[in-house]
Structures are given as C-alpha cells and as structure tokens.
Amino acid sequence: MIFKPPTSFVLFQQRRQRFIQKIQEVYKGSSGVIIVGAGFEESRHLFRQSSSFYYLTGVVEPAGILCLFLDGREILYVPKYATPRSQWATVTVGGPEDAAKVGISEVRYAGGSVPGYSFRPVFRHEHYDTLVADLAAFLKDDPAGKVFTLLDSTREEYLLHINWFEHLQRWQPEIVKRTTDISPVLHGMRSIKDEYEVDMIYKAVQITNM
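The model shown is predicted, which means the values in this text are computed figures rather than measured ones.

Counting its secondary structure elements, the protein contains seven helices and six strands. Ordered by position in the sequence, the α and β elements of the protein form the string α-β-α-β-β-α-β-α-β-α-β-α-α. For the protein, the proportion of its 210 residues judged to be buried stands at 46%. Contacts spanning at least 24 positions in sequence make up 69% of the contacts within the protein whose residues lie at least 6 apart.

Laid out in structure tokens, this is it:
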C-alpha cells in the first residue's frame, strides 16, 4: 500500500456534508450553525492544527473559524493580517480569493486588520467583528436557530477554542442560551476511519518500523 496525500479537498467537503447530515439526524427539525475553531500559534511551539478543524477542512492555518449552516452554507473566517503572511510562512488560506482552492464555498476576513503576520490566543473584539456581526444577523433572522460547537473540556485540543467561544459569548450574549455541544457527534464520526486515514496510519507504521 502506497500512502498518497489528498490531491484535492473533495474528501473534506464530503466529511462536512456527512457531519451536517449527522447533526440533522440527531437534532431533527433544527436550524442552526456549527462553529468549529482552528488552533492558535504559540510562541514556543510549532503550530499544530486542531485535529477536528483539520478533519473538516484540510486547512493548516491558525486562528480560522469554520461556520457550517444547516441550510448548506459554509463560511471560513480567517484573520486579516496587516503584513502578507505568505512572505513568512506557507499559507493554505490567505483570504477570500482562496475559497475555491480549499473547496469551501466562501472565505471571509474575520474582522479588522491584525498587526503583523501572526495571530496569538489573546485578541481584541475588532479582530473578529465581522464574524460577530454575521452571527448577530443570523440569530436575529432565525430566532429558533441553534449554535452548535465543540465544548469537550476533557480534550486539550479544544481548550483554546472553548476560551475563544467564551469571548464570543461575551460579545454576543444571545448565543449562551442557544449553544449545544456536539463534540460527541464528531467524535463518533472520527472513530470510524476512512480510506485516507487508514493510509495515513499505515504510513506512520512504515516510518516507525524504518
């Protein structure tokens, strides 16, 4: 068996579609938005993407926020850096122009300009003000809409996302009473490995045995 990395983002599109279908099956009749956050860069460590965010997007880029609406819309929000990040790092998604490249229907800047070309876990409201405004519009237009996200505090990969989500709740208090933790649904999906994941595991075993 020869390991082959994905040559397109179709695999991740299919995963997002299955994930939405699972949520619709579990929460029948619900409307809403699924919010999944990427990891953040830390000064003393190389960036490692959140496994769940990567599972759904294939994107290795810090500080992104994926919003999947149950009506089929999908938006990836990314920081708007003052300095082009591509000058200093390999960039998967730099801005709205990269939506087609990663197979996501729309990419938007999360908010106002961020100094420099990196984004730390400590941030200000204006760095996500576009996302906050878009969510406020969604909550107003759909009074029964739910906000689904990953709040499993027993998993380290979610801790920065949970911290970010608490900031979001402070900026948009309406979210608090509408939030539902869907981490068990995603964990159930991820426990069943697809062909690509089996290939990656096999490749890891090959490297270990060298």
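We now examine the sheet that holds strand 2 (residues 65–69). Paired through their backbone hydrogen bonds, the strands of a sheet run either parallel or antiparallel. Taking strand neighbours across the sheet as the criterion, the six strands line up as 4-3-2-1-5-6 in an open arrangement whose pairing is mixed. One side of each edge strand has no neighbouring strand; the edge strands of this open sheet are strand 4 (106–114) and strand 6 (179–181). Going from strand to strand, the sheet's axes swing by 25° on average, the running direction of each strand aside. As defined by bridge partners, strand 1 (residues 32–37) adjoins strand 2 across five bridges and the pair is classed as antiparallel.

Quick look at the packing of aromatic side chains now. According to the stated counting rule, one finds eight aromatic pairs in the structure shown. Here the aromatic rings of Tyr-27 and Phe-148 are separated by 5.2 Å at their centres, their planes lie at 45°, and the arrangement is tilted. You can see Tyr-27 sitting in the loop between helix 1 (10–26) and strand 1 and its partner Phe-148 sitting in strand 5 (residues 146–149), a full 121 residues away along the chain. With a relative accessible area of 22%, Tyr-27 lands in the partly exposed category. Both rings, one in Trp-88 and one in Tyr-117, keep their centres 5.4 Å apart while their planes meet at 20°; by these two values the pair is stacked. Linking Trp-88 in the loop between strand 3 (74–81) and helix 3 (99–102) with Tyr-117 in the loop between strand 4 and helix 4 (129–141), this pair joins segments that are 29 residues apart in sequence. In this structure an aromatic cluster arises from ring pairing among Phe-40, Phe-119, Tyr-128 and Trp-164. Here Arg-73 stacks its cationic end above the ring of Phe-69, 3.9 Å away from the centre of that ring.

Burial analysis of helix 6 (residues 183–190) places six of its eight residues in the buried class, which makes it a mostly covered element. Listing the buried residues of helix 6 in full gives Ser-183, Val-185, Leu-186, His-187, Met-189 and Arg-190.

Let us now look at the confidence of the model for the protein. Confidence in the prediction of the protein, expressed as mean pLDDT, is 87, and 89% of residues score 70 or more. Contacts of residues 1–5 to residues separated by more than four positions or lying in other chains number nine contacts, the stretch itself having pLDDT below 50.

Attention now moves to the nonpolar core. Counting residues in hydrophobic clusters, the biggest one holds 28 residues, and the most contacted among them are Phe-19, Ile-23, Ile-34, Leu-66 and Leu-76. Residue assignment for this core shows that the elements contributing at least two residues are helix 1, strand 1, helix 2 (51–57), strand 2, strand 3, helix 3 and helix 6. Setting aside residues no more than four positions away along its own chain, Leu-76 makes contact with Phe-53, Ile-65, Leu-66, Val-93, Ile-104, Glu-106, Val-107 and Arg-108. Of all hydrophobic cores here, the second largest spans 26 residues; its members include Val-33, Ala-63, Phe-119 and Phe-165.

With that settled, the discussion passes to the environment of Val-10. Here Val-10 is to be found in helix 1. Val-10 gets classed as partly exposed once you look at its relative accessible area, which sits at 39%. Separated by 94 residues in sequence, Val-10 and Ile-104 have C-alpha atoms that sit 9.8 Å apart.

Each value, and the rule that gives it
Residues numbered from 1 in each chain as written. Predicted model: local features only at pLDDT ≥ 70, side-chain atom pairs only at ≥ 80, totals over all residues. Heavy atoms only, no water. Helix = DSSP H or I, 4+ residues; strand = E, 2+ residues; numbered from the N terminus. Buried < 20%, exposed > 50% of the residue type's maximum accessible area, 1.4 Å probe, protein only. Contact = heavy atoms within 4.5 Å. Pairing = 2+ DSSP bridges. Axes fitted to C-alpha atoms, helices over the stretch in contact; angles between N-to-C directions. Phe/Tyr/Trp six-rings, centres within 6.5 Å; stacked < 30°, edge-to-face > 60°. Lys NZ or Arg CZ within 6 Å of the ring centre and 35° of its normal. pLDDT = per-residue confidence, 0-100. Core = buried A, V, L, I, M, F, W, Y, C linked by side-chain atoms within 4.5 Å.

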